[in-house]
Amino acid sequence: MIRAVIGSHPNSFRAILDRKKVSFFKFMKMATMSPAESGEFIVKNAKFVKVHEDGIKSLAKEVISGIQTKVIDVENFSQHEHHPKPSDPHAPNWIFLIDTLNFCFWTPGDATKWKVDGQTGYFSLCAAINRALKEGIDITNPAYYSKITLEELEKILRSDDGQTKAPLLPERVQCLHEVGKVLLEKYEGKFENCVKASNNSAVSLLKLVTEEFPCFRDEATFNGQRVSIYKRAQILVGDLWACYRGEGLGRFDDIDKITMFADYRVPQVLVHFKTMEYTDELMKLLNSNKLLENGCPEEVEIRGASIYVVERLKEVVLEELKANHPEISAKNVNAVLLDHFLWDYRRKHAAELEYIPFHKTISVYY
C-alpha cells in the first residue's frame, strides 16, 4: 500500500523525481552548444547550404600564401590607423565600446551609405568614435554612455554629408545603456576587469560576456537544438588578442577555441572559393533581397556553415604546414586571423564578389 501511494500520487517523491528527470533531460537537450559545436551540428542538419572539402583545401593554399607574405599576421590589427595601440590606456574600453556597436551597417537598395571620414561600415564607426574622443567627448566611459541620449549618439555618429544617419540608432542606444550599467555596477566601469576575471581564458571571457551582457548573446534554436554563433562576443575576444598581440591583457591560452565571426559578408568569400554552396532555392531567396529573420533556418545555416568551414580550413592549414612547411610557425594559425584575412579579402574584392548575394538580416548581433 505504501509503495503504491509513493509511486502513484502526483506529489509523491517518485513523481516529483520523475518530473525533475524530465526537466533535467529537457534542459540538457536544450543546453546551448559552443560556436564550434554549433557549426558542426548545423552543417550535419543543413538543407540549404552544402560544404565542399575540395574548396576548403584550395582556400588553404591561399591562406598559406598569405602567411608567407605577411598578409595574415597579428600585427595587421595595429597597423590600421583607426585602431588603438596596446599602449593606449583607453584601449580595452575602446574595443568594448566598438564591439558593442559593431552590428548591421549594410544599406538597403540604392540608399546613401553612412560614411565618416570617407569610411563605410565598421571603419566609419571607428572613425566616428575617434572623432568624438578628439572633440573631448568621454565616449569610452560607461558613466557617460550608460545614460547617453539618442540625440547625443546621433551627433557622435554624424555622417560626412550631415544627412545620412547611422542605422539602428535606438537599438545602439539601448545596447550602450545595457552594457554600461553592468560595467558600472559590477566591474568598476572598466572592461579590463572583465578580462582579468577570465584568467587568460578566451572561453571564460566569452562565457562572461554572453552571460553578463545580453546584447552579445547571439543564439538560435535550430533543428530542436540551442546553438550559438556569438559573432560580436568572439570578435571582442579576438580584437583584444590582436590589439595586444596575444600578450598581457590580450593573452589567452585557449585562443584557438574562438571561431570565426559569422556575419553577412565573409560567407560571400567562402562561396566564392567554393568551400560552401547555396541551393538554388536559397540563391533565389537571397537574390530577391528579401529580409531574413534573425534565427530563421536559412540565416542560421549560412552562419553556422561559415563557422564549420573556417574550423576545417584551420585544420587543413595546420596539417599542410606540419607536412610541407616546417619553416612556418603555426603559433598564430587561428580562426581570428583567418577571419581577418577573409574579411579583408571581401573589402579588397568587393566588386568582384557582388555576383554572390549576401543574406540581409536586421539584427544587433552582427
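Predicted, not measured: the structure shown is a model, and the values here were computed from it. (Residues numbered from 1 in each chain as written. Predicted model: local features only at pLDDT ≥ 70, side-chain atom pairs only at ≥ 80, totals over all residues. Heavy atoms only, no water.)

Got a minute to help me understand the overall build of the protein chain in this structure?
Each helix and strand counted, the protein chain has 17 helices and six strands in total. The C-alpha atoms of the protein chain give 22 Å as radius of gyration, which agrees with the globular expectation for 366 residues (21 Å, within 12%). Principal axes of the C-alpha set define a box for the protein chain whose edges measure 80 × 50 × 45 Å. Burial statistics for the protein chain: of 366 residues in total, 51% are counted as buried. Long-range contacts, defined as pairs at least 24 residues apart, comprise 76% of the intrachain contacts of the protein chain with a sequence gap of at least 6. Surface accessibility of the protein chain: about 17,900 Å² in total, with carbon and sulfur atoms responsible for 52%. Averaging the coordinates of the 48 positive side-chain charges in the protein chain and doing the same for the 51 negative ones gives two points 5 Å apart. (Helix = DSSP H or I, 4+ residues; strand = E, 2+ residues; numbered from the N terminus. Rg over C-alpha atoms; globule rule 2.2 N^0.38 Å. Buried < 20%, exposed > 50% of the residue type's maximum accessible area, 1.4 Å probe, protein only. Contact = heavy atoms within 4.5 Å. Areas by Shrake-Rupley, 256 points an atom, 1.4 Å probe, with all protein chains shown as cover. Lys, Arg positive; Asp, Glu negative; His and termini not counted. Charge placed at Lys NZ, Arg CZ, Asp CG, Glu CD.)

Which parts of the structure should I look at to understand the confidence of the model for the protein chain?
Note that predicted coordinates carrying low pLDDT should not be read in detail. On average, residues of the protein chain score 91 in pLDDT, and 91% of them are at 70 or above. Taken together, the stretch residues 1-29 has pLDDT below 50 and engages in 13 contacts with residues farther than four places along the chain or on a different chain. (pLDDT = per-residue confidence, 0-100.)

Before we go on, may I ask you to explain the nonpolar core in this structure?
What tends to happen in soluble globular proteins is that the nonpolar side chains get buried as a cluster. Of all hydrophobic cores here, the largest spans 117 residues; its most connected members are Ile129, Leu157, Phe191 and Phe213. In terms of residue count, helix α16 (residues 297-324) provides more of this core than any other element does, ten residues in total. Look past the residues within four positions of Phe213 in its chain and what remains in contact with it is Phe96, Glu178, Val179, Val182, Leu183, Cys194 and Leu208. (Core = buried A, V, L, I, M, F, W, Y, C linked by side-chain atoms within 4.5 Å.)

Any chance you could explain the environment of His83 here in plain terms?
The topology assignment puts His83 in the loop between α5 (76-79) and α6 (91-101). Of the residues examined, His83 reaches a relative accessible area of 9% and is grouped as buried. Along the sequence, His83 and Glu62 sit 21 residues apart, while their C-alpha atoms lie 26 Å from each other.

Would you mind going over the packing of aromatic side chains with me for this structure?
Aromatic ring pairs are defined here through the distance separating the ring centres and the angle between the ring planes. Considering all chains together, one arrives at 14 aromatic pairs under this definition. Seen from their ring centres, Phe96 and Phe213 are 5.2 Å apart, and the 55 degrees between their planes marks the pair as tilted. Within this pair, whereas Phe96 is found in helix α6, its partner Phe213 is found in the loop between α12 (202-212) and β4 (219-222), the two being separated by 117 residues in sequence. Classification of Phe213 as buried rests on a relative accessible area of 0%. Both rings, one in Tyr264 and one in Phe358, keep their centres 5.5 Å apart while their planes meet at 35 degrees; by these two values the pair is tilted. Taken together, the residues span a long stretch of sequence, with Tyr264 in the loop between α13 (231-243) and α14 (266-272) and Phe358 in the segment after α17 (335-348) at a distance of 94 residues. Exposure class is identical for Tyr264 and Phe358. Each is buried. An aromatic cluster is present here, built from Phe96, Phe191, Phe213 and Phe216 joined pairwise through their rings. (Phe/Tyr/Trp six-rings, centres within 6.5 Å; stacked < 30°, edge-to-face > 60°.)

Sorry if this is basic, but what is going on with a negative patch on the surface here?
Together, Glu81, Asp117, Asp160 and Asp161 line one region of the surface with negative charge. As for its position among the elements, Asp117 is in the loop between β2 (115-116) and β3 (119-120). (Patch = residues over 30% accessible without salt bridge, like charges linked within 9 Å, V, L, I, M, F, W, Y side chains within 5 Å. Salt bridge = Lys/Arg side-chain N within 4 Å of Asp/Glu carboxyl O.)

I tried to follow α12 on my own but got confused; where do I start?
Every α-helical turn comprises 3.6 residues, leaving residues that sit three or four positions apart pointing alike. Among all positions of α12, only Ala202, Leu205, Leu206, Leu208, Val209 and Thr210 are buried. Each element contacted by the buried residues of α12 is listed here: α11 (191-197) and α13.

How do you make sense of the side chain of Glu219 when you look at a structure like this?
Residue position: Glu219 is located in strand β4. Judged by its relative accessible area of 18%, Glu219 is buried. There is a polar contact of 3.4 Å between the side chain of Glu219 and the side chain of Arg226. Here Tyr230 takes part through its side chain, which lies 2.5 Å from a polar atom of the side chain of Glu219. (Polar contact = N/O pair within 3.5 Å; in protein donor to acceptor, adjacent residues only side chain to side chain.)

What's the story with the pairing of strand β5 (residues 225-228) in this structure? I'm lost.
The two faces of the sheet receive side chains in turn, since in a regular strand these alternate between them. Across four bridges, the pairing between β4 and β5 is antiparallel. Bridged to Ala220 within β5 is Val227. The turn joining β4 and β5, which pair antiparallel and follow one another in sequence, is formed by two residues; a positive phi near 55 degrees is taken by Asn223. (Pairing = 2+ DSSP bridges.)

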